[in-house]
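This is what each chain is made of:
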Amino acid sequence: MPNIEETVLQSDSSEAEGEVQKPKTPGQSQENKSFCSDGHRPELIETISKVSKLSIAHEIVVNKDFYLEESVLPPNSLEGRFVDTVYKAFWDHLKEQLLSTPPDFTCALKLLKEVKEILLSLLLPRQNRLRNEVEEALDMDLLKQEAEHGALDVPHLSNYILNLMALLCAPARDEAVRKLKSITDPVQLLRGIFHVLGLMKMDMVNYTIRSLRPYLKEHSVQYERAKFQELLDRQPNLLECTTKWLTKAAADITPPSSSSPDSPGSSTMACALPNWAADNSELPSPTMVLYQGYLNLLLSDSDNEEFPETLLMDRIRLQEMESQLRQLTILTSVLLVARSFSGNVLFNSPEFVDKLKCITKALTEEFNSRPEEAMLSVSEQVSLEIQQGLKSMGLSALSSKNTASLTGQLQNIAKKENRVRTIVDQRIRLFLKCCLVRGMQESLLDFPGGLILIKGELADLGWKFVNLMRHNQQVFSPYYAEILKNIIPPAQAGETEVECL
């Protein structure tokens, strides 16, 4: 079997030299920053390297949509202008060389060597005949001799390269290769060849990623655990934030001790072990503590520096889920208030519900920064849609009093203490906890009635959350179990290990 680390690194975007590329997925800059925030230690570079390797493999496993795409810099940005200037200077220099008398093929030879290496990298291991053909057609020693005698046939070589590209490229690149064949200027042609070859390299990398995914999934738990252990061996205090996170989770679901005036959810409990109640039956199990910890991540401050080290690679992903949860809370609150005024007649129409969803989502994009303004717009538009909907169905319009009450209740959702919003938020979190405890299939069969209007959206969030946490639990369960032994005495807890889902 292939070495996972080597194979993944071969698929890294660094292969595509000369092309600006980015992964179509949340970035990992915050993970790396968190691992090296305590100074310039000797092992810093090696640690960052290990985290990067681990992040790539982890991303391929947990993100089925992971792929590389071309990144186009904004033309008016400083970076964009700088890149354009450098590229223009290079291609202008090439043009001067080719137009000089006699022609200077120094840069052209370097480009042809790069093209040859890229073409060879696109070949599969079994394509030996084609590999030998490329080696012969682009024999650099022979081409150098031809250039020295002024006999280098650039158009002939370009035509050979284009025919080979047409043979090797994915169907999606056929049109781009055909367009290159119509370019007569040698400099523009070489420039176009490099651009399309960069896209072909990304295609090959993405093909490799898709091919690797089943194998990585099969071995990802052992691989990620082994790589994390390497980091832990170099940084013995690496689990400090993870310990605080689990301690806080244990305190959150433990009944307060009669001897302790502090509530179990107080901030002082996050760094100190809780005082356990005398009644063992009230003690939480390690698995339930872990589930509570996972749920707490959807409540945590996105800028909290004390993020559990075992989840750093998923930090951005969890922040996105947290954002989705907030959006679903607002959306559901709006729909429930609207339904209470318009009745089930309008809400029995999927088209009407979908329209209200689209309106609400669009108008609440800036909810976090301007909640009052967002809900004012929502209240006006939703009220208008309800009135129009009632009219189209031949039903009585809302009275001015009910209309004022509807808009007022919708605007009130902007307040964190809003009763509808609070209840919806609690029910969504309870549903996600049930998904962890009971599994997604059973939870969907017993879906909360009050959330039925967002069943599709909430189910999608639930699947993503549970699958991500399941993978994390499988990878890090030995570390969690060891930490929880010091938080929940095994003899009392009735469970000595963190179960694997």
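The structure displayed is predicted, hence computed values, not measured ones. Every chain's residues receive numbers from 1 upward, in the order its sequence appears when written. Given that this is a predicted model, residues contribute local features only at a pLDDT of at least 70 and side-chain atom pairs are listed and counted only at 80 or more, while totals for whole chains, interfaces and linings are drawn from all residues. Derived side-chain values reflect all non-hydrogen atoms in the structure, with water molecules and hydrogen atoms excluded from consideration.

A.B. asks: How should I be thinking about the overall build of the protein chain in this particular structure?
C.D. replies: Regarding its fold elements, the protein chain presents 20 helices and two strands. Going through the 501 residues of the protein chain one by one, you find that 46% of them count as buried. Only heavy atoms matter for contacts: two residues are in contact if any of them lie within 4.5 Å across the pair. Residue pairs in contact within the protein chain that sit at least 24 positions apart in sequence constitute 72% of those at least 6 positions apart. Put simply, the protein chain shows about 26,200 Å² of open surface, and 52% of that area lies on carbon and sulfur atoms. Strands are runs of DSSP state E lasting at least two residues, helices are runs of H or I lasting at least four, and both sets are numbered from the N terminus onward. Only protein chains enter the accessibility calculation, which uses a 1.4 Å probe; a residue is then buried when its area is under 20% of its type maximum, exposed when over 50%, and partly exposed in between. To be clear on the numbers: accessible area is Shrake-Rupley with a 1.4 Å probe, and residue cover counts the displayed protein chains and nothing else.

A.B. asks: What is the right way to look at the pattern of salt bridges in this model?
C.D. replies: Opposite charge on two side chains makes pairing possible when the charged atoms of those side chains draw close. The term salt bridge refers to a side-chain nitrogen of Lys or Arg lying within 4 Å of a carboxyl oxygen of Asp or Glu. As enumerated under the stated definition, the model contains 18 salt bridges in all. A salt bridge links R326 to E322; the nearest nitrogen and oxygen atoms lie 3.2 Å apart. Separated by four residues within a single helix, R326 and E322 lie in helix α13 (residues 315–347), roughly one turn from each other. Owing to a relative accessible area of 32%, R326 belongs among the partly exposed residues under this scheme.

A.B. asks: Would you mind showing me how to read the packing of helix α15 (residues 371–392) against helix α16 (residues 400–412) here?
C.D. replies: Axis angle and axis distance: for two packed helices, these are the angle between their axes and the distance between the axes, and together they describe the pair. Lines fitted to C-alpha atoms define the axes, with helix axes restricted to the stretch in contact, and inter-axis angles between N-to-C directions lie between 0 and 180 degrees. At a minimum axis separation of 8 Å, α15 and α16 run at an interaxial angle of 145°. In terms of crossing hand, the pair formed by α15 and α16 is right-handed. Every residue of α16 that contacts α15 at M375, L376, S379, V382, S383, I386 and Q387 is listed here: T403, L406, T407, L410 and Q411. Left-handed describes a crossing whose near helix is turned anticlockwise from the far helix by less than a right angle; the clockwise case is right-handed.

A.B. asks: Any chance you could explain a nonpolar patch on the surface here in plain terms?
C.D. replies: Side chains of V345, M393 and L395 sit close together on the surface and give an oily, nonpolar patch of about 240 Å² of accessible area. For V345, a relative accessible area of 41% puts it in the partly exposed group. Grouping into patches uses exposed residues only, defined as over 30% relative accessible area, and leaves out salt-bridged ones; the cut-off is 9 Å for like charges and 5 Å for nonpolar side chains (Val, Leu, Ile, Met, Phe, Trp, Tyr).

A.B. asks: Just to check I follow, could you spell out the packing of aromatic side chains for this structure?
C.D. replies: Within a pair of aromatic rings, the relevant descriptors are the distance that separates the centres and the angle that separates the planes. Centres within 6.5 Å make a pair out of two Phe, Tyr or Trp rings, where for Trp the six-membered ring is used; the pair is then stacked when the planes are under 30 degrees apart, edge-to-face when over 60, and tilted otherwise. All told, the structure shown has nine aromatic pairs when counted by the stated rule. Judged by centre distance (5.9 Å) and plane angle (40°), the ring pair of W245 and Y294 falls under tilted. With W245 in helix α11 (residues 240–252) and Y294 in helix α12 (residues 286–297), this pair connects stretches of sequence that are 49 residues apart. The pair W245 / Y294 is uniform in exposure class, with both members buried. Aromatic side chains F476 and Y479 sit 6.2 Å apart centroid to centroid with 50° between the ring planes, which places their arrangement in the tilted category. With F476 and Y479 both in helix α19 (residues 455–487) and three residues apart, this pair spans about one turn of that helix. Judged on exposure class, the residue F476 and its partner Y479 are both buried. Connected via pairs of aromatic rings, a cluster forms that spans F228, W245, Y294, F476, Y479 and Y480.

A.B. asks: For this particular structure, what's the right way to read unusual backbone geometry?
C.D. replies: Among all residues except glycine, the phi angle is most often negative; among peptide bonds, the trans geometry is most common. The amide bond that connects T101 to the next residue, P102, takes the cis arrangement and shows omega of -5°. Structurally, P102 is set in the loop between α4 (78–99) and α5 (106–121).

A.B. asks: Please explain the packing of α13 against α16 as it appears in this structure.
C.D. replies: Running from N to C, α13 and α16 cross one another at 170°; their axes reach a closest spacing of 10 Å. Judged by the inter-axis angle, α13 sits roughly antiparallel to α16. The hand of the α13/α16 crossing is right-handed. In this structure, α13 uses V334, V337, A338 and F341 to contact α16, whose residues at the interface are N402, S405, L406, Q409 and L410. Three classes are used: nonpolar for Ala, Val, Leu, Ile, Met, Phe, Trp, Tyr, Cys and Pro, charged for Asp, Glu, Lys and Arg, and polar for all others, with Gly counted as polar. Residue composition of the contact of α13 with α16, by class: six nonpolar, three polar and no charged. Angles are sorted into four bins: roughly parallel if under 35 degrees, roughly antiparallel if over 145, roughly perpendicular if 65 to 115, and oblique for all others.

A.B. asks: Which parts of the structure should I look at to understand the nonpolar core?
C.D. replies: Note on terminology: a nonpolar core comprises buried Ala, Val, Leu, Ile, Met, Phe, Trp, Tyr and Cys residues joined through side-chain atoms within 4.5 Å. Grouped together as the largest cluster of nonpolar side chains are 75 residues, with contacts concentrated most on Y294 and L318. Looking at this core element by element, the count peaks at 14 residues for α19. Excluding its chain neighbours within four sequence positions, the residues that come into contact with L318 are L297, L298, F307, L311, F465, L468 and M469. Listed in part, the 40 residues of the second largest apolar core include A108, L180, V187 and L189.

A.B. asks: What exactly am I supposed to notice about the side chain of T310 here?
C.D. replies: Topologically, T310 is positioned in the loop between α12 and α13. If we ignore the near neighbours within four places in the chain, the residues touching T310 are F228, L239, T242, W245, N472, F476 and Y480.

A.B. asks: Teacher, can you tell me more about the environment of H149 here?
C.D. replies: Residue placement: H149 occurs in the loop between α7 (140–148) and α8 (154–168). C-alpha of H149 to C-alpha of P102: the two residues are 47 residues apart in sequence and 9.7 Å apart in space.

A.B. asks: Sorry if this is basic, but what is going on with α13 here?
C.D. replies: It helps to recall that an α-helix has 3.6 residues per turn; residues three or four apart then point in one direction. Here a helix's expected span is defined as the number of its residues, less one, multiplied by 1.5 Å. In this model α13 runs just 37 Å from its N-terminal to its C-terminal C-alpha over 33 residues, more than 12% under the 48 Å that 1.5 Å per residue would give. Given a residue, its bend is the angle between the two axes fitted to the seven residues that end at it and to the seven that start from it. The sharpest bend along α13 measures roughly 95° and falls at F341.

A.B. asks: Help me understand α5, please; the structure alone is not making it clear to me.
C.D. replies: In this model α5 runs 23 Å from its N-terminal to its C-terminal C-alpha over 16 residues, within 8% of the 22 Å that 1.5 Å per residue would give. Residues of α5 that are buried include every one of C107, A108, L109, L111, L112, V115, K116, I118, L119 and L120, and no others.

A.B. asks: Just checking my understanding: could you explain the confidence of the model for the protein chain for this structure?
C.D. replies: Predicted coordinates in areas of low pLDDT are best not read in detail. A residue's pLDDT is the confidence the predictor assigns to it, expressed on a 0 to 100 scale. Summing up the model confidence of the protein chain, the mean pLDDT is 78 and the portion of residues at 70 or higher is 73%. Per-element mean pLDDT across the protein chain ranges from 36 in helix α1 (residues 4–10) up to 93 in α16. A low-confidence stretch, residues 25–45 (pLDDT under 50), is modelled with 34 contacts involving residues beyond four sequence positions or located in other chains. For residues 258–281, every residue scores under 50 in pLDDT, and the model assigns this stretch 40 contacts once sequence neighbours within four places are set aside.

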